[in-house]
Amino acid sequence: MKASIKQISEMTGYSPATISNALNRKKGVNSETAQEVFRVAKEIGYIQENDIKKIVFVMYKSTGLIIEDTPFFSLMIDGFQNECRNSGYDMVISYLDKRKDDYETLLKSIINDPDSAIVLLGSELMGNDFDDFRDAKGLLMTLDYWSDDMSRNGVLINNEDSARKAVDYLIEHGHKDIGYLKGSFRIKAFRSRAVGYRISMNKHNLPIDKEYTVTLSTTMDGAYKDMLAYLEKKPKLPSAYFADNDMIAFGAMKALQESGYKIPEDVSIIGFDDLPYCEIVSPRLTSLRVPKQEMGRMAVRRMLEMIKYGDDVRAKTQVCTEFIERDSVRTIQ
């Protein structure tokens, strides 16, 4: 007979509701009851034997060019932390910087701990960087990253479709010459957004002019300086740009405005992430809203499923964005 909550109820004398609350680590269940429920659940094979005590949120950095210059990830951590607290798990944040001398020591202490479940923020993982984590002793999943060999579970943004939607919007508003503000640090998310940009342009039979692709630093100040240098050459500009993220868009907007261009009258711009700054800049930036806090919560919920049932079946969970229309795009009649 397959193990069930009903069977646990019969063996412990607790109600199915109490057992469900205990297994899901809900508040209101005393520790002795919870321990007995877990003991029986493991004994009959309802949950796999493990002793995960905490969930470790690993912020991986290879350059810091994505992680360090934006409030995006602090909002994600906030959602992650709240969900851990609500689920009764301790959360530990570990900053793992590949540039630091203690990288190898800290890495080994993280991946060799069988009592920890690891959620790896992999936004800056490049090339073979993920190989460092393949031998993790405990459960591991990725956030804002996907391993191409499908060896781990992952929660990430639907980057390709989101970028396609943004470019479709520009085309629907009469734009045909559409450029791309390309982040110089080519993380996986940016590469997927570039694919979405190309898909939309090709779908509408619009040429992709290399002259309209501008490679910019991924920090706001760096993007501003790079765009300013580019504009000094007096290049021909498209009627609109899609930017890899908001930080790049903000820097480019500042440079364009200082160089005498009006937004959106001369150039329209769409960003990605929908950071709080989008409502403050002038004009307000049209962007793709990533549910940052919800992504953090989703990562915890997916990890709890892995703790309870194991991770024999891998899943790639893509989070959809919401298009937020503001003032940075004009309609061409």
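Here the structure is a predicted model, which means the values were calculated and not measured. (Residues numbered from 1 in each chain as written. Predicted model: local features only at pLDDT ≥ 70, side-chain atom pairs only at ≥ 80, totals over all residues. Heavy atoms only, no water.)

**Section: the overall build of the protein**
The helix and strand tally for the protein stands at ten helices and twelve strands. Viewed in the frame of its principal axes, the protein has a C-alpha envelope of about 75 × 45 × 35 Å. With 333 residues in all, the protein has 52% of them scored as buried. If you take every contact in the protein between residues at least 6 apart in sequence, the share linking residues at least 24 apart comes to 72%. (Helix = DSSP H or I, 4+ residues; strand = E, 2+ residues; numbered from the N terminus. Buried < 20%, exposed > 50% of the residue type's maximum accessible area, 1.4 Å probe, protein only. Contact = heavy atoms within 4.5 Å.)

**Examining the sheet that holds strand β9 (residues 268-270)**
If you walk across this open sheet you meet the four strands as β7-β6-β8-β9, and the pairing is parallel. Each edge of the sheet is formed by a strand with only one pairing partner; in this case those strands are β7 (213-216) and β9. Averaged over all neighbouring strand pairs, the angle between strand axes comes to 20 degrees, with direction disregarded. Note: strand β6 (residues 178-183) against β7, four bridges, orientation parallel. By the bridge assignment for β7, K182 is matched with T215. Of the strands in this sheet, β6, β8 (240-243) and β9 are in contact with helix α6 (residues 159-172), which crosses β8 at around 170 degrees. Taken strand by strand, helix α7 (residues 188-203) contacts β6 and β8, and its axis lies near 170 degrees from that of β6. (Pairing = 2+ DSSP bridges. Axes fitted to C-alpha atoms, helices over the stretch in contact; angles between N-to-C directions.)

**Here we look at the pairing of strand β3 (residues 116-121)**
Counting buried positions along β3 gives six out of six residues, so the element sits mostly inside the fold. Of the two faces of β3, the one holding S116, I118 and L120 and the one holding A117, V119 and L121 are both buried throughout. One ladder, built from six bridges, connects strand β1 (residues 54-61) with β3; its direction is parallel. Looking at β3, one finds that V56 is bridged to I118. Bridge count between β3 and strand β4 (residues 140-143): four bridges; the pairing is parallel. For L120, the partnering residue across the bridge sits in β4 and is T142.

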